[in-house]
Amino acid sequence: MNIESKVYFIGAGPGDPELITVKGLKLLQTADVVLFTDSLVNEKLMDETKDGALVLKSAGMALEEQIDIMAGAVEEGKSVARIHTGDPAIYGAILEQMSKLFHRDVSYEVIPGVSSVFASAARAGVELTVPELTQTVILTRAEGRTPVPEKEQLVDLAKHHCTVSLFLSATLIKKVVKSFYEAGWAEDAPVLVVYKATWPDEIIIRTTLDKVDEDMRANRITKQAMVIISPAVDPKLVEQGGYESKLYDKTFTHGFRKGVVVDG
Ligand SMILES: C[S@@+](CC[C@H](N)C(=O)[O-])C[C@H]1O[C@@H](n2cnc3c(N)ncnc32)[C@H](O)[C@@H]1O
């Protein structure tokens, strides 16, 4: 692919440098200016930048400063790789950047990445949508300093009893547990916590609603954690089996296969 003079918002994936997309990597390797979220993006990825590329960390910069750098580079005919953790569309704060670039007449494009929610599920070997258990995944956060709209309060979302994946909520775990109890979840409801999924110091905890706070404290997990509360993260499911999908059911007809009639 040919890199153009514009800003590419690129999802770096959850941490493992091999989990960036092929497209994202190619753009990173050819960009003239690279701006990356140094608090969460694996710095090893910066080994991929070309000689002479200007590589900058964004964590200490205000929004206006980042926009000046990115817009200024594009105005000089350069290409910019703006590297975000996971997928940029989830808590990536890219709207504010896109809006400011739009008003400066600077083109941009978003390249997706592997979100930490899917990396966490993969590392724990769970399916988030198990037939007949839950077919819905809610991606949300507990309300802390950042307000959550009234209609999206955790207690209301939890009433769906589906898979609920919580970003940015490690320090608010007590509040999370309280909301789930209020929504009618049992004390032994399965919870998966993944700290720094795919990083060398990753920690995976399979626990329950009544023990998650204690388990997270024992492991000193206060940030960079994905908390997934769901019947689908029950560690017993793999051994137990069942919950099979219609997709591979031999009696089920669909566009690619005719089902067979089973006697008895
Ligand atoms: C600002 S949000 C960015 C999310 C990111 N855009 C994504 O798609 O994963 C940061 C939050 O994402 C989660 N997170 C990011 N990287 C993670 C990882 N490697 N393991 C577990 N959780 C992670 C944590 O909940 C963290 O507080």
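Residues numbered from 1 in each chain as written. Predicted model: local features only at pLDDT ≥ 70, side-chain atom pairs only at ≥ 80, totals over all residues. Heavy atoms only, no water.

Caption draft 1: Representation of the pattern of salt bridges within the structure. A full pass over the atoms with the stated rule returns 14 salt bridges. For Arg104, the salt bridge is made with Asp68, and the minimal N-O distance between the two is 2.7 Å. With Arg104 in the loop between helix 3 (95-103) and strand 5 (108-111) and Asp68 in helix 2 (residues 63-75), this residue pair connects regions lying 36 residues apart in the sequence. Glu75 serves as the salt-bridge partner of Arg104, at 3.7 Å between the closest nitrogen and oxygen. In this pair, Arg104 is assigned in the loop between helix 3 and strand 5 and Glu75 in helix 2, connecting sequence segments 29 residues apart. The exposure class of Arg104 is partly exposed, given its relative accessible area of 33%. By relative accessible area, which is 52% here, Glu75 ends up exposed. (Salt bridge = Lys/Arg side-chain N within 4 Å of Asp/Glu carboxyl O. Helix = DSSP H or I, 4+ residues; strand = E, 2+ residues; numbered from the N terminus. Buried < 20%, exposed > 50% of the residue type's maximum accessible area, 1.4 Å probe, protein only.)

Caption draft 2: The arrangement of the site of the ligand in detail. Inspection of the region around the ligand gives 17 residues, with Ile90, Ser115, Ser116, Ala197 and Ala225 positioned closest. A distance of 2.9 Å separates a nitrogen atom of the ligand from a polar backbone atom of Asp87. For the ligand, a nitrogen atom lies 3.5 Å from a polar atom in the backbone of Lys196. A total of 570 Å² of accessible area belongs to the ligand in isolation, and the protein chains cover 92% of it. In terms of residue class, the shell around the ligand is made up of ten nonpolar, five polar and two charged. Two domains each provide a minimum of three residues to the shell around the ligand, namely domain 1 (7-111) and domain 2 (116-235). (Near = heavy atom within 4 Å. Polar contact = N/O pair within 3.5 Å; in protein donor to acceptor, adjacent residues only side chain to side chain. Areas by Shrake-Rupley, 256 points an atom, 1.4 Å probe, with all protein chains shown as cover. Nonpolar A, V, L, I, M, F, W, Y, C, P; charged D, E, K, R; others polar. Domains from an automatic or database assignment.)

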